[in-house]
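Inside the fold
What follows is the residue order along each chain.
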Amino acid sequence: MQGPPIFIDISPEDQAQELRVYLKSLGAEISEEKSPKGIEDDLHKIIGVCEACFRDGQEAEVEAVLNDIVSIMVFIPLERSENIILAFCEKLTKAQGQKLGLVCLKALWLLFQSLDERSPIRYHVYYHSLIIAKQTDHVRLVFKNVEHLKQQFSQCQPSSEQLQKLYRLLHEVLIKSNQSEHAAKIMIELLGTYTAENASQAREDAIRCIATALGDPNTFLLDPLLSLKPVRFLEGELIHDLLSIFVSENLTAYMNFYKNYKEFVTSQGLNHEQNMQKMRLLSFMQLAETNNEITFDVIEKELQLEADDVESFVIEVLKTKLVRARMDQSARKVYVTSTMHRTFGIAQWQQLRDLLHSWKANVASVQDGMKNVAAAHMEIMN
């Protein structure tokens, strides 16, 4: 059996015929002759049987064949190639096995990068790439971060419905690959695609977004979720009540909620022990907002800790850098330097305004002092 064809300066039609010959040699049901209907029909037939090269499991040969198909496909005008590209994407998502799936993912990513950035078909190639990334656990080859994703489609924005479909899939892929922080950001982007008119249709997405954010051990600023329109439609429901507790209340409020609604918390895929730890951190941040000094006794009482666990808890808080502080074991106190605010409302804006005014006044004072020194120096020189 001959190896995959190698093309050097030959026409797309001749490349397609060489692929026909090669695939037929592998047992594919395809003619070796060119189609009288043209290159598009040739590609349709080639894509229809290209899985013949999957059978031997030789990744290098499979990659060569798929890359050859891509090289022909990008020469065809977009208005005539959309159905061909979609058929190619569908075929590659059916590839079995980790190694073969990775080869197919690379081929689709090559196609995505080769297409004109203004082409709407790029969305479909990206979406199918994510399907394979989920199957092979290689999402990092496709997705870097939200900003990079938006940049990919800056020249041809998908519709709101397409974005919602993409974000839902991407969220699943990121959760599967343990990238909870990125997953939480994607859910916020998803909810942002809804308007006031259709926000009520986003119920399941909003609930999933809240549960993801609450369950993410690295997400502590939850206040922005309350302003999202789909989340507002959940006011009065248990999931909204739980979010409100994490936004602005303390550990005791959470414990009371859990006591009354244990099954509900579990049904959202949330872990009670992890929730308690997160609420302890948030409650400590709340204490740090209004207290420059916090005694171990207060921490023990407010956060429902054993006396022997206070020091280790404070060390864990400091590691997160949510609060900057110094612990004095002999005095049994924590001295707070600064803390991240759990919510950022009018009071925080006023505090920031006062800080900026103070900074401005200090700068002006320094400038005046420098002018006086300079003037005195000039007098001495004169």
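Residues numbered from 1 in each chain as written. Predicted model: local features only at pLDDT ≥ 70, side-chain atom pairs only at ≥ 80, totals over all residues. Heavy atoms only, no water.

In the annotation of an unreviewed UniProt entry, the protein chain is listed under the name Eukaryotic translation initiation factor 3 subunit M and assigned to Ocypus brunnipes. You can read under Sequence similarities (unreviewed entry) in the UniProt record for the protein chain the words "Belongs to the CSN7/EIF3M family. CSN7 subfamily." (UniProt positions renumbered as here; feature names shortened; annotations may be inferred.)

Let's talk about the sheet that holds strand β1 (residues 293-295)
Spatially, β1-β3-β2 is the arrangement adopted by the three strands of the open sheet, whose pairing is antiparallel. Each edge of the open sheet is held by one strand with a lone partner, namely β1 and β2 (323-328). Taking the axes of each pair of neighbouring strands and ignoring which way they run, one obtains an average angle of 25 degrees across the sheet. Where β2 meets strand β3 (residues 333-339), six bridges bridge the pair, whose relative direction is antiparallel. Each bridged residue has a counterpart across the sheet, and for aspartate 328 the counterpart in β3 is lysine 333. Where helix α15 (residues 272-290) meets the sheet, it contacts β1, β2 and β3, and its direction lies at approximately 85 degrees from that of β3. (Pairing = 2+ DSSP bridges. Helix = DSSP H or I, 4+ residues; strand = E, 2+ residues; numbered from the N terminus. Axes fitted to C-alpha atoms, helices over the stretch in contact; angles between N-to-C directions. Contact = heavy atoms within 4.5 Å.)

As for the environment of isoleucine 121
Looking at the element boundaries, isoleucine 121 is found in helix α6 (residues 121-136). A C-alpha to C-alpha distance of 9.4 Å links isoleucine 121 and serine 81, two positions 40 residues apart in sequence. If near-sequence neighbours (up to four positions away) are discounted, isoleucine 121 is found in contact with Leu78, Glu82, Ile85, Leu86 and Leu115.

Regarding the state of the cysteines
Summed over all chains, the structure comprises zero disulfides. No disulfide involves cysteine 53; its sulfur sits 5.9 Å from the nearest other cysteine sulfur, which is in cysteine 50. Its relative accessible area of 5% is what places cysteine 53 among the buried residues. (Disulfide = S-S within 2.5 Å. Buried < 20%, exposed > 50% of the residue type's maximum accessible area, 1.4 Å probe, protein only.)

Digging into the packing of aromatic side chains
Taken as a whole, this structure holds eleven aromatic pairs when the rule is applied. Taken together, a centroid distance of 5.0 Å and an interplanar angle of 50 degrees make the contact between phenylalanine 257 and tyrosine 261 tilted. Given a relative accessible area of 7%, phenylalanine 257 falls into the buried group. Its relative accessible area of 35% is what places tyrosine 261 among the partly exposed residues. Cluster of aromatic residues (ring-pair linked, three or more members): Trp109, Phe112, Tyr126 and Phe153. For the cation-ring pair, arginine 122 lies above phenylalanine 112, with the distance from its terminal atom to the ring centre recorded as 4.0 Å. Taking NZ or CZ as reference, lysine 278 lies 5.8 Å from the ring centre of phenylalanine 220, over its face. (Phe/Tyr/Trp six-rings, centres within 6.5 Å; stacked < 30°, edge-to-face > 60°. Lys NZ or Arg CZ within 6 Å of the ring centre and 35° of its normal.)

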